[in-house]
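# Coordinates in review
Residues per chain are reported as follows:
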Amino acid sequence: TSYERDVIRPHALGKFENLLVATAQSPAMLFYLDNWLSVGPDSDFAMGIPKRRPNGAWQPRYPQRPPPRPKANRAGLNENYGRELMELHTLSVNGGYTQHDVTEVAKVFTGWTLKEPREGGGFYFDERKHEPGPKVVLGHRIKPKGEKEGLELLHLLARNPSTAKFVCSKLAVRFVSDDPPPALVDRMVKTFLKKDGDIREVLKTMIDSPEFWATDAYRAKVKTPLEFVVSAVRASGADVSNAMPLVRQLQTMGMPIYGAQPPTGYSMKADAWVNSSALLERMNFALSLTGDRLKGVQVDDGGMLGNAPVPADPQQTLAMLENTLLAGDVSKQTHDTIATRLQDPRISQRALDDPARPPNVGIISGLLLGSPEFQRK
């Protein structure tokens with residue numbers, strides 16, 4: 001949660017290079033990919049060479065004794081971050097790098113570690129663990145300069161055309177469609193390279209593009225379970241005093257909060273979330289939500305009707321709910337499907353002794369929240 005709040009959000013609409021630096025120095029990233037343990041094979045630490053004084057003299061363990069003999073340390077080079085930096089953060093798996101590049105990147109980031117991690121310490125650079133000498137990444141020679149080597153490499157990767165295409169493609173998938181038009185991605189890439197990776201400018205280019213406003217892009221994206229649950233709670237105006245039932249619903253739908261195992265996170269594409277079982281779970285959740293069957297989550301029927309009284313006519317109630325929950329943008333098929341169910345006694349709630357009894361707003365609104373229109377964004 002700290003990584004999301006303190007690292008991602010403050011840099012999400014800034015320069016991509018700044019985001020890369022922030023993630024590279026994040027305690028969460030350093031710990032997760034073990035870079036905080038990575039040590040250069042020829043570093044002072046690995047060779048067992050003791051610390052030096054500021055004037056260059058040895059820092060002996062005991063002043064009256066001679067300097068200890070060098071003793072090799074078992075800690076070694078860790079390539080986890082170097083590989084994921086290029087494969088998942090920048091160039092992509094087809095970005096043109098080699099295993100040699102991975103090893104060299106790992107050497108560049110030796111010494112990027114944590115100070116007292118078990119006590120919540122943050123990033124610091126340990127010169128003694130840094131691999132000495134020049135490194136060559138993607139044909140680019142990086143001269144020995146300690147911590148600045150990592151900053152130079154991140155600068156190089158942030159401005160690589162493969163990075164621009166990889167990042168822009170992901171943004172287009174996130175906001176436009178699962179298979180975004182190549183012309184749109186190319187336009188975004190040009191802005192990325194021209195504006196030094198300014199994500200805000202890239203998003204402006206995306207939003208100003210005709211492909212973003214095309215008819216086939218409207219509601220082309222399916223909500224993830226998290227997006228569906230949150231949007232349903234917001235649309236229904238639910239009062240949440242206990243969020244745990246919502247958390248359990250997300251677990252049932254296969255998207256537990258902060259529970260993604262792969263480093264790529266949860267999928268943004270429909271094929272990961274759309275199947276008959278998943279849609280049934282969503283419908284069951286919608287009906288439970290609007291039927292006040294989730295303890296600690298209360299829905300006000302009047303709020304879903306715009307604080308208007310509930311009409312006695314189920315058809316009129318349906319029309320009002322279509323406007324408040326879906327802004328009136330409902331397909332004929334969805335409207336007709338729900339309308340045919342209004343005669344169900346559980347929905348109409350009419351009785352011989354009370355023909356004017358209002359319909360069950362909870363069931364009607366639950367059916368609308370479970371509709372294809374509400375599943376999409």
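Residues numbered from 1 in each chain as written. Predicted model: local features only at pLDDT ≥ 70, side-chain atom pairs only at ≥ 80, totals over all residues. Heavy atoms only, no water.

In total, this model carries 9 aromatic pairs according to the counting rule given. On the basis of an interplanar angle of 55° and a centroid distance of 5.1 Å, the ring pair of W112 and F123 is categorised as tilted. Here W112, found in strand 1 (residues 112-114), pairs with F123, found in strand 2 (residues 123-125); they are 11 residues apart in sequence, far enough to count as distant. With a centroid separation of 5.8 Å and 70° between ring planes, the pair formed by F228 and F285 is classed as edge-to-face. Within this pair, whereas F228 is found in helix 11 (residues 225-236), its partner F285 is found in helix 13 (residues 276-290), the two being separated by 57 residues in sequence. No difference in accessibility class separates F228 from F285, as the two residues are buried. An aromatic cluster of at least three residues, connected via ring pairs, comprises Y81, F109, W112 and F123. One cation-aromatic arrangement involves R174 over F175; the distance from NZ or CZ to the ring centre is 5.1 Å. (Phe/Tyr/Trp six-rings, centres within 6.5 Å; stacked < 30°, edge-to-face > 60°. Helix = DSSP H or I, 4+ residues; strand = E, 2+ residues; numbered from the N terminus. Buried < 20%, exposed > 50% of the residue type's maximum accessible area, 1.4 Å probe, protein only. Lys NZ or Arg CZ within 6 Å of the ring centre and 35° of its normal.)

Before going further, it helps to spend a moment on the nonpolar core. Counting residues in hydrophobic clusters, the biggest one holds 43 residues, and the most contacted among them are F109 and L154. Not counting chain neighbours up to four residues away, the residues in contact with L154 comprise E17, L20, V21, A24, Y81, L85, F109 and W112. Counting residues in each nonpolar core, the second largest holds 32 residues, with V233, A339, I364 and F374 among its members. (Core = buried A, V, L, I, M, F, W, Y, C linked by side-chain atoms within 4.5 Å. Contact = heavy atoms within 4.5 Å.)

Moving on, we get to the packing of helix 8 (residues 161-175) against helix 10 (residues 199-208). The relative placement of two packed helices comes down to the angle between their axes together with the axis-to-axis distance. One can describe the packing of helix 8 onto helix 10 by two numbers: an axis separation of 11 Å at closest approach and a directional angle of 50°. As summarised for this structure, helix 8 and helix 10 are arranged oblique, according to the angle between their axes. Remark: the crossing between helix 8 and helix 10 carries right-handed chirality. Between helix 8 and helix 10, the contacting residues are V167, C168, L171 and F175 on the first element and I199, V202, L203 and M206 on the second. (Axes fitted to C-alpha atoms, helices over the stretch in contact; angles between N-to-C directions. Parallel < 35°, antiparallel > 145°, perpendicular 65-115°, else oblique. Left-handed = near helix turned anticlockwise from the far one by under 90°.)

Our focus in this paragraph is the confidence of the model for the protein. Looking at the protein, the pLDDT average stands at 91 and 92% of residues meet or exceed 70. Contacts for the low-pLDDT stretch residues 60-67, under 50 throughout, to residues beyond four places or in other chains number 3 contacts. (pLDDT = per-residue confidence, 0-100.)

Take the side chain of D101 next. With respect to the helices, strands and loops of the structure, D101 is situated in helix 6 (residues 99-108). Of the side chains with opposite charge, R83 lies nearest to the buried D101, which makes no salt bridge, at 11 Å. Reaching out from D101, the side chain makes a polar contact with the backbone nitrogen of T98 at a distance of 2.9 Å. Every residue in contact with D101, bar those within four places of it in the chain, is listed here: M86, G96, V136, V137 and L138. (Lys, Arg positive; Asp, Glu negative; His and termini not counted. Salt bridge = Lys/Arg side-chain N within 4 Å of Asp/Glu carboxyl O. Polar contact = N/O pair within 3.5 Å; in protein donor to acceptor, adjacent residues only side chain to side chain.)

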